[in-house]
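Chains, contacts and geometry: an overview
Chain by chain, the residues:
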Amino acid sequence: MFDLLVKGGTLPDGRMADIAVSGDRIAEVAPKIDAEAREVIDATGDLVAPPFVDPHFHMDATLSYGLPRVNASGTLLEGISLWGELRDLATVDEMVERALRYCDWAVSMGLLAVRSHVDTTPDHLNTVTAMLEVREKVKPYLDLQLVAFPQDGLYRAPTGRDNVIRALDMGVDVVGGIPHFERTMQDGAASVRDLCEIAAERGLPIDLHCDETDDPHSRHVETLAYEVQRLGLGGRATGSHLTSMHSMDNYYVSKLLPLIAEAGVAAIPNPLINIVLQGRHDTFPKRRGLTRVKEMQALGIDVGWGQDCVLDPWYSLGTADMLDVAFMGLHVAQMTHPDEMARCFTMVTETNAKIIGLDGYGLAKGCTASLVVLDAADPTEAVRLRPSRLAVVSKGKVVSRSARGDGSLTIPGRPEAVRRRRGG
Ligand SMILES: [Zn+2]
């Protein structure tokens, strides 16, 4: 007797399979499993995927849109300045409450693992206290990883470095940074070296907001690749955003990308945010500001899609749907070949899980029993429709259900029900 049986679904690789669950583990995956189960989900004709993973988010700021007021210019810098006010006004309880509400949204969208940067700038570290509390509270159903993020600079803010160390001592999981925001290029490069050494000493992953600017001379990812290789951090090092690469000289990039690949640095562009925030100083043509996704992938660099923000000082929209992120990324990076469209789905699932080092991820025997059933036939259709998450299973338990997204017509001579799936 299994605890749960998901029957008749189609896996992302196209195989039809039943999935049996015992406790919090996948007990069996086979074309047909004839066995009793306490609970059965009929996924016939639907896509069954491992859960969505967001490798780049800001949960301390989420759902705060309009507080203390909206970002009128729409720029990264006004967003940082607004957040600078809000982080001192918001109480721990308010941040916890907003984050928990966001996690409810995430679960309903099949998003079950999030890496969130946590601002370590204010000396009170209320952001860190709040997010550590949230990490504990959501543990039974959502894996939350925290990054010590010196939003106002490691060196530019007077206690920037001390507070990163304090946050790591409090139990934050990953070392973060923001080299392009330091006072000089030299300070930026020094911060990358310093942070990589901290990560190496403590045996932690590193994930830097890196070169989130339209300035083609912002080349901190070069230093990141160098330090990661020198210190042997390959496989647990990430450059987030990398938007300056959009504007860099092509000859320089032809040297840079192989160095990133060789070092084992992963990349996380955040297409919703990059397309909204970058190019704001341009007249026309306006740069898109998305990093070079396909070009990095062609060299074997792991590139995932991150969400970054939902309803906060930097972004006034968002729904915790990683398929919105994949959809925008597909368009802006022009990933329209059938293989590339399917890859956009893989990026918000498997690739993101690999980048943040999730254990037991996947739909194979022995993996953690977390999955999502989508009202779509295959990964590309899921990206196209961003459909209902019919069922979400986290660590063996059904944690959310949604109805199908069918419409009903009242046009004489036409069908009453309309589904937007290709197969009808
Ligand atoms: Zn960010």
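In this report, the structure presented in the accompanying data block is examined. For clarity, every value in this text was computed on a predicted model and none was experimentally measured.

Observations regarding the overall build of the chain
- Within the chain, the secondary structure is distributed over 12 helices and 17 strands.
- Dimensions along the principal axes, computed over C-alpha positions, put the chain at roughly 65 × 45 × 45 Å.
- Across the 424 residues in the chain, those meeting the buried criterion constitute 56%.
- Contacts spanning at least 24 positions in sequence make up 76% of the contacts within the chain whose residues lie at least 6 apart.
- About 17200 Å² of surface is accessible on the chain, with carbon and sulfur atoms providing 52% of the total.
- Taken as two groups, the 44 positive and 58 negative side-chain charges of the chain have centres that lie 3 Å from each other.

Thoughts on the packing of helix α2 (residues 92-108) against helix α3 (residues 126-138)
- Relative to each other, α2 and α3 sit at 40°, their axes nearing to 9 Å. Accordingly, the angle class assigned to the pair α2 and α3 is oblique. You can see that α2 and α3 cross each other, and the crossing is right-handed. Contacts between α2 and α3 pair Val-92, Met-95, Val-96, Ala-99, Leu-100 and Cys-103 from the former with Asn-126, Thr-127, Thr-129, Ala-130, Met-131, Glu-133, Val-134, Lys-137 and Val-138 from the latter.
- Across the contact of α2 with α3, the residue classes break down as 10 nonpolar, three polar and two charged.

Regarding the nonpolar core
- Counting 102 residues, the largest nonpolar core has Met-59 and Trp-305 as the members making the most contacts within it.
- Ranked by the residues each element gives to this core, the list is headed by α2, at eight residues.
- Not counting chain neighbours up to four residues away, the residues in contact with Met-59 comprise Ala-99, Tyr-102, Cys-103, Val-114, Ser-116, His-117, Met-131, Val-134 and Leu-144.
- Residues Val-21, Ala-43, Leu-363 and Cys-367 belong to the second largest nonpolar core, which totals 18 residues.

Description of the state of the cysteines
- Tallied over the entire structure, the rule returns zero disulfides.
- No disulfide involves Cys-309; its sulfur sits 15 Å from the nearest other cysteine sulfur, which is in Cys-103.
- For Cys-309, a relative accessible area of 1% gives the class buried.

With respect to the packing of aromatic side chains
- Following the criterion strictly, the structure yields three aromatic pairs and no others.
- Geometrically, the ring pair formed by Phe-57 and Tyr-102 is stacked, given 4.5 Å between the ring centres and 20° between the ring planes. Of this pair, Phe-57 sits in strand β6 (residues 52-57) while Tyr-102 is found in helix α2, placing the two residues 45 residues apart along the sequence.
- Tyr-102 sits in the buried class, given a relative accessible area of 0%.
- Look at Trp-83 and Trp-314: their rings are 6.4 Å apart centre to centre, the planes differ by 50°, and that puts the pair in the tilted class. Residue Trp-83 is found in helix α1 (residues 76-89), and its partner Trp-314 is found in the loop between α9 (293-298) and α10 (322-332); the two are separated by 231 residues along the sequence. The exposure classification of Trp-83 matches that of Trp-314, with both residues buried.
- Geometry around Tyr-252 places Arg-219 over its ring, the cationic atom sitting 3.6 Å from the centre.

Examining the pattern of salt bridges
- Counted by the stated rule, this structure contains 34 salt bridges.
- We note a salt bridge from Asp-3 to Arg-38, for which the minimum N-O separation is 2.6 Å. Of the two residues, Asp-3 is situated in strand β1 (residues 2-10) and Arg-38 in strand β4 (residues 37-42); the sequence distance between them amounts to 35 residues.
- In this structure Asp-3 comes out as partly exposed when scored by relative accessible area, which is 27%.
- When the shortest N-O distance is used, the salt bridge between Glu-197 and Arg-230 registers 2.9 Å. Remark: Arg-230 occurs in helix α6 (residues 220-231) and Glu-197 occurs in helix α5 (residues 185-202); sequence separation between them is 33 residues.
- Using a relative accessible area of 28% as the deciding quantity, one classes Glu-197 as partly exposed.
- The class of Arg-230 is partly exposed, set by a relative accessible area of 37%.

A word on empty space enclosed by the protein
- Going through the model one piece at a time under the given rule, you end up with one cavity of 30 Å³ or more.
- Here the largest cavity is characterised by a volume of approximately 110 Å³.
- Counting residues per element, the ones that place at least two in the lining of the largest cavity are α1 and α8 (271-277).
- For the lining of the largest cavity, the residue count by class is eight nonpolar, four polar and two charged.

Details of the environment of Arg-166
- Structurally, Arg-166 is set in helix α4 (residues 160-170).
- The class of Arg-166 is partly exposed, set by a relative accessible area of 37%.
- Through-space distance from the C-alpha of Arg-166 to that of Ala-148 is 9.2 Å; in sequence the pair is 18 residues apart.

As for the sheet that holds strand β9 (residues 174-177)
- Overall, parallel pairing links the seven strands, which are arranged β6-β7-β8-β9-β10-β11-β12 in an open sheet. In the strand order of this sheet, the two ends are held by β6 and β12 (265-268), each with one partner. Direction aside, neighbouring strands of the sheet carry axes that sit 20° apart on average.
- Bridge count between β6 and strand β7 (residues 111-119): four bridges; the pairing is parallel. Within β7, the position partnered with Phe-52 by the bridge is Leu-111.
- Together, β6 and β7 form the strand contacts of α10, whose direction differs from that of β6 by roughly 75°.

Cut-offs applied
- Residues numbered from 1 in each chain as written.
- Predicted model: local features only at pLDDT ≥ 70, side-chain atom pairs only at ≥ 80, totals over all residues.
- Heavy atoms only, no water.
- Helix = DSSP H or I, 4+ residues; strand = E, 2+ residues; numbered from the N terminus.
- Buried < 20%, exposed > 50% of the residue type's maximum accessible area, 1.4 Å probe, protein only.
- Contact = heavy atoms within 4.5 Å.
- Areas by Shrake-Rupley, 256 points an atom, 1.4 Å probe, with all protein chains shown as cover.
- Lys, Arg positive; Asp, Glu negative; His and termini not counted.
- Charge placed at Lys NZ, Arg CZ, Asp CG, Glu CD.
- Axes fitted to C-alpha atoms, helices over the stretch in contact; angles between N-to-C directions.
- Parallel < 35°, antiparallel > 145°, perpendicular 65-115°, else oblique.
- Left-handed = near helix turned anticlockwise from the far one by under 90°.
- Nonpolar A, V, L, I, M, F, W, Y, C, P; charged D, E, K, R; others polar.
- Core = buried A, V, L, I, M, F, W, Y, C linked by side-chain atoms within 4.5 Å.
- Disulfide = S-S within 2.5 Å.
- Phe/Tyr/Trp six-rings, centres within 6.5 Å; stacked < 30°, edge-to-face > 60°.
- Lys NZ or Arg CZ within 6 Å of the ring centre and 35° of its normal.
- Salt bridge = Lys/Arg side-chain N within 4 Å of Asp/Glu carboxyl O.
- 1 Å grid on protein atoms, 1.4 Å probe; cavity = no way out; pocket = protein on both sides within 12 Å on 5 of 7 lines; lining within 4 Å.
- Points joined across faces, edges and corners; volume = space filled by probe spheres on them.
- Pairing = 2+ DSSP bridges.

So, to be careful, I would describe these as geometric facts and stop short of saying anything about function.
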